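Next come the chains, spelled out residue by residue.
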Amino acid sequence: MITRSATADDLPRITELQRRWDTAWFGAPEHDESEVREDFERVTEPGVHTRLVLDGDRLLAAAWLWRTNATLVVDPAVDPVPLYADLLPWFEKQGTPEIEALSRDEKLRTAFDGRGWRHTHSTFELVRDLTPDWVLAEPVWDAGIVVRDLRPDDAEAVHRLIYRDAEWDAVPGHVARDFSEWRSLVLNEAAAPEQQVLAWRDDRLVGASIGRFFSDGTGWISQLAVAVPERGKGLGKALLLESLRRRRAAGASALGLGVEVENRSALQMYLGVGLTVDREWMTYAPSRHPV
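Remember, predicted model here, so these are calculated numbers, not experimental data.

A. Spatial organisation of the packing of aromatic side chains. Enumeration according to the criterion identifies nine aromatic pairs in this entry. Judged by centre distance (6.1 Å) and plane angle (45 degrees), the ring pair of Trp-21 and Trp-25 falls under tilted. Here Trp-21 pairs with Trp-25, and both are found in helix 1 (residues 11-26), just four residues apart, close to one helical turn. Judged by relative accessible area, Trp-21 falls into the buried class, the value being 11%. Taking the centre distance of 6.0 Å and the plane angle of 65 degrees together, the rings of Phe-214 and Trp-220 count as edge-to-face. Exposure remark for Trp-220: the relative accessible area of 14% places this residue in the buried category. One residue, Arg-279, lies across the ring of Phe-26, its end atom 3.5 Å from the ring centre.

B. Layout of the pairing of strand 10 (residues 218-226). Burial analysis of strand 10 places eight of its nine residues in the buried class, which makes it a mostly covered element. Across seven bridges, the pairing between strand 9 (residues 204-213) and strand 10 is antiparallel. Paired with Arg-212 across the two strands is Trp-220, which belongs to strand 10. Sheet topology note: the strand 10/strand 11 (residues 254-260) ladder contains four bridges and is parallel. Looking at the pairing, Gly-219 lines up with Leu-255 of strand 11.

C. Focus on the nonpolar core. In terms of nonpolar packing, the biggest core is built from 48 residues, with Leu-126, Val-158, Leu-240, Tyr-270 and Leu-275 touching the most fellow members. Once residues within four sequence positions are removed from consideration, Val-158 is found in contact with Leu-150, Trp-182, Leu-198, Leu-205, Ala-208 and Ile-210. In terms of nonpolar packing, the next biggest core, distinct from the first, is built from 22 residues, Ala-70, Phe-91, Ala-111 and Phe-112 among them.

D. Representation of the layout of surface pockets in the model. Taken as a whole, the second largest pocket holds about 150 Å³ of empty space. Surrounding the second largest pocket, Arg-42, Thr-44, His-49, Leu-65, Trp-66, Arg-67, Glu-181 and Ser-184 form its lining. Residues belonging to the lining of the second largest pocket are distributed by class as follows: two nonpolar, three polar and three charged.

E. The environment of Asp-55, seen in detail. Mapped onto the fold, Asp-55 is located in strand 2 (residues 50-55). Residue classification places Asp-55 among the partly exposed residues on the basis of a relative accessible area of 49%. With 167 residues separating them along the chain, Asp-55 and Ser-222 place their C-alpha atoms 37 Å apart.

F. Quick peek at the side chain of Thr-96. Take Thr-96: it is sitting in the loop between helix 4 (81-94) and strand 5 (99-102). Its relative accessible area of 6% is what places Thr-96 among the buried residues. Here Phe-91 takes part through its backbone oxygen, which lies 2.8 Å from a polar atom of the side chain of Thr-96. Residues within four places of Thr-96 in sequence aside, it is in contact with Leu-65, Ala-70, Phe-91 and Pro-286.

G. Up close: helix 8 (residues 235-249). Over its 15 residues, helix 8 extends 21 Å from the first C-alpha to the last, a length consistent with the 21 Å expected when each residue adds 1.5 Å. With 12 of 15 residues buried, helix 8 is to be regarded as a mostly interior element. Every buried residue of helix 8 is accounted for by Leu-235, Gly-236, Ala-238, Leu-239, Leu-240, Leu-241, Glu-242, Ser-243, Leu-244, Arg-245, Arg-246 and Arg-247. In this structure, the buried residues of helix 8 make contact with strand 7 (145-148), strand 8 (197-201), strand 9, strand 10, strand 11 and helix 9 (264-272). Looking one or two residues past helix 8, Gly-251 carries a phi angle of roughly 100 degrees, positive in sign.

Rules used in this analysis
- Residues numbered from 1 in each chain as written.
- Predicted model: local features only at pLDDT ≥ 70, side-chain atom pairs only at ≥ 80, totals over all residues.
- Heavy atoms only, no water.
- Phe/Tyr/Trp six-rings, centres within 6.5 Å; stacked < 30°, edge-to-face > 60°.
- Helix = DSSP H or I, 4+ residues; strand = E, 2+ residues; numbered from the N terminus.
- Buried < 20%, exposed > 50% of the residue type's maximum accessible area, 1.4 Å probe, protein only.
- Lys NZ or Arg CZ within 6 Å of the ring centre and 35° of its normal.
- Pairing = 2+ DSSP bridges.
- Core = buried A, V, L, I, M, F, W, Y, C linked by side-chain atoms within 4.5 Å.
- Contact = heavy atoms within 4.5 Å.
- 1 Å grid on protein atoms, 1.4 Å probe; cavity = no way out; pocket = protein on both sides within 12 Å on 5 of 7 lines; lining within 4 Å.
- Points joined across faces, edges and corners; volume = space filled by probe spheres on them.
- Nonpolar A, V, L, I, M, F, W, Y, C, P; charged D, E, K, R; others polar.
- Polar contact = N/O pair within 3.5 Å; in protein donor to acceptor, adjacent residues only side chain to side chain.
- Expected span 1.5 Å × (residues − 1).

Now the structure itself:
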């Protein structure tokens, strides 16, 4: 085996590796090259913060990191344990913030435990295929709320709502992001303006649901936020239903979102409209003193 850093020229083979991994765990590919590229391009120093493991021409593993996230993909057809023995120490030296593991990926979780990594929090992905028996109710809006799509000059107001007025990063597991990083992650080219739902009261943005479509046809809600003074009036549920209905009307084959396991009130709201838990991601952070 040989190791080296990755370049943009490696994206086709990294995508193929990702799709093999998806199929092994979920039964079908869930990424295309544009989505892999989107994540890869957040790496500020590819020559330092990326690592490939190859056996001849076959890509066995790909790893990279940026400020708040890291990616680790291993060929499902090979024994991952020797690859983890190389890649986890590499992540530690890079100062990796955290990595997610599927709750049912016992070999990766065992590797994390063996090096003293800490399980910090878990996230549920709730996904449901769109079938005729799934009826999404009409949203009910509080008096005085005006709903409209995203406009080109709304981005800063949405960011301010999420991280200041709605106190997004006060929820365990949520990360504070500056405007530039947040926009590249959440409000990028994949976020069609007509799919975003903004709720205004007079001239104040008081609620927003932001999301996208993925290449496998899933309509996704990336962030749903309600200003603290507006909570308890049904605004969150109305935003959720409107977002799901818009994605269904636009041709989604499935609908989904993620929620922190500890955020029980949000989880119950999502289950209440018909979404179901599809998988659990367990987030691990390296020990300050790896063994």
